[in-house]
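# Structural features, examined
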Amino acid sequence: MLAKSGFATLIRSLSVCMLLVTVSATAQDDPFAEYRAMMGDDNPAIFVIEEGAELWTRPQGPKQASLEQCDLGLGAGVVKGAYAQLPRYFADTQQVMDLEGRLMHCMVTLQGRARADILRKPYSATGDMGTELEALASYIAEQSSGMPIVIPQNHPAEQEAYALGEQLFFYRAGPYDFSCATCHRQSDKRIRLQKLPNLTVSDGAGMASSTWPAYRISQGVVRTMGWRMQDCAKQQRLPQLLPGSEAVVALIEYMSVNASGTEMAAPGLKR
């Protein structure tokens, strides 16, 4: 029987081999569609989901507590459907929070862990075994699979977060004078093999919001929406965005509200 590390390596190797075969045989409009069809329901993220489910109930931290009393917006411990309604305003923090920010809040308040320790390595490097935050996000996101995205916009803070997200989306900065909109405000565009969804319209925003977290075939790990925001900022040569920060939450809020009504299908499968 393979050890966990050996099994993960085998999965990554098989994924890369299948991808190389598929890319050469698939139409240019979506080079990865055939690969996804071959995988069917066999997304390697299933192992990360299982790990996240175990982490949710595992006592940890100085308080030796689990996260089972963490309120993700639908009541303490309620996971089913929570991800499809995040980000949202939380009265206990008086902030709009996304999933990763809320999870870190619960790790600190329920388990007594230090926020700085959690932020030391929130995301895995390529080929790593994955992080706690990635596993928990995968588990919670999967619990909203098949449900429509419905992001609350009732509280003034939620409306302000959307407005800030829209402002940041179009804000040009950095050495290349890029904004998010540089790549994501037009439909039917791509960069090399990567399709660029138009995040200003429902279809494009829905395609993105509904499929993150996602298993990245080329990297062999699950990536979260927070990682996606951070990586986009990195490509723009902007300062690093921290998980759960106001900028990250606002950008996710803008995109997720635009995606309202789209059926959740996370964790997705990406190149």
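Everything here concerns the structure above.
Residues numbered from 1 in each chain as written. Predicted model: local features only at pLDDT ≥ 70, side-chain atom pairs only at ≥ 80, totals over all residues. Heavy atoms only, no water.

## Brief notes about the overall build of the protein
The secondary structure content of the protein amounts to 11 helices and 7 strands. Of all 271 residues assigned to the protein, the portion counted as buried reaches 48%. Within the protein, counting contacts between residues at least 6 apart in sequence, those at least 24 apart form 65% of the total. Surface summary for the protein: the accessible area is close to 13,200 Å², and the carbon and sulfur share equals 55%. (Helix = DSSP H or I, 4+ residues; strand = E, 2+ residues; numbered from the N terminus. Buried < 20%, exposed > 50% of the residue type's maximum accessible area, 1.4 Å probe, protein only. Contact = heavy atoms within 4.5 Å. Areas by Shrake-Rupley, 256 points an atom, 1.4 Å probe, with all protein chains shown as cover.)

## Some details on the packing of helix H7 (residues 156-170) against helix H11 (residues 246-258)
Pairs of packed helices are described in terms of their axes, by the angle between the two and the distance that separates them. Running from N to C, H7 and H11 point in directions that differ by 95 degrees, and their axes come no closer than 7 Å. As judged from the angle between their axes, H7 and H11 are roughly perpendicular. Listed contacts from H11 to Glu 158, Ala 161, Tyr 162, Leu 164, Gly 165, Glu 166, Leu 168, Phe 169 and Phe 170 of H7 are Glu 246, Ala 247, Ala 250, Leu 251, Glu 253, Tyr 254, Val 257 and Asn 258. (Axes fitted to C-alpha atoms, helices over the stretch in contact; angles between N-to-C directions. Parallel < 35°, antiparallel > 145°, perpendicular 65-115°, else oblique.)

## Focus on unusual backbone geometry
Phi is mostly negative for residues that are not glycine, and the peptide bonds are mostly trans. At the junction of Leu 86 and Pro 87, the peptide bond is cis and its omega measures out at 5 degrees in the coordinates. Structurally, Pro 87 is set in the loop between helix H3 (45-57) and strand S1 (88-90). Trp 212 connects to Pro 213 through a cis peptide bond whose omega is 5 degrees. Mapped onto the elements, Pro 213 comes out in the loop between helix H9 (202-209) and strand S5 (214-216).

## Remarks on helix H6 (residues 132-142)
Buried residues dominate H6, accounting for 10 of its 11 residues. Listed as buried for H6 are Glu 132, Leu 133, Glu 134, Ala 135, Leu 136, Ala 137, Ser 138, Tyr 139, Ile 140 and Ala 141. Turning to H6, the residues buried within the fold contact H3, helix H4 (99-111) and strand S6 (221-223).

## Things to note about the nonpolar core
Buried together is how nonpolar side chains tend to be arranged in soluble globular proteins. Trp 56, Leu 99 and Ile 140 are the most contacted members of the largest nonpolar core, which totals 57 residues. Where this core is concerned, the elements lending two or more residues are H3, H4, H6, helix H8 (180-184), H9, S5, helix H10 (225-235) and H11. With 7 residues, the single largest contributor to this core is H6. Ile 140 has contacts with Trp 56, Leu 72, Val 79, Tyr 83, Leu 99 and Leu 103, leaving out every residue within four places of it along the chain. (Core = buried A, V, L, I, M, F, W, Y, C linked by side-chain atoms within 4.5 Å.)

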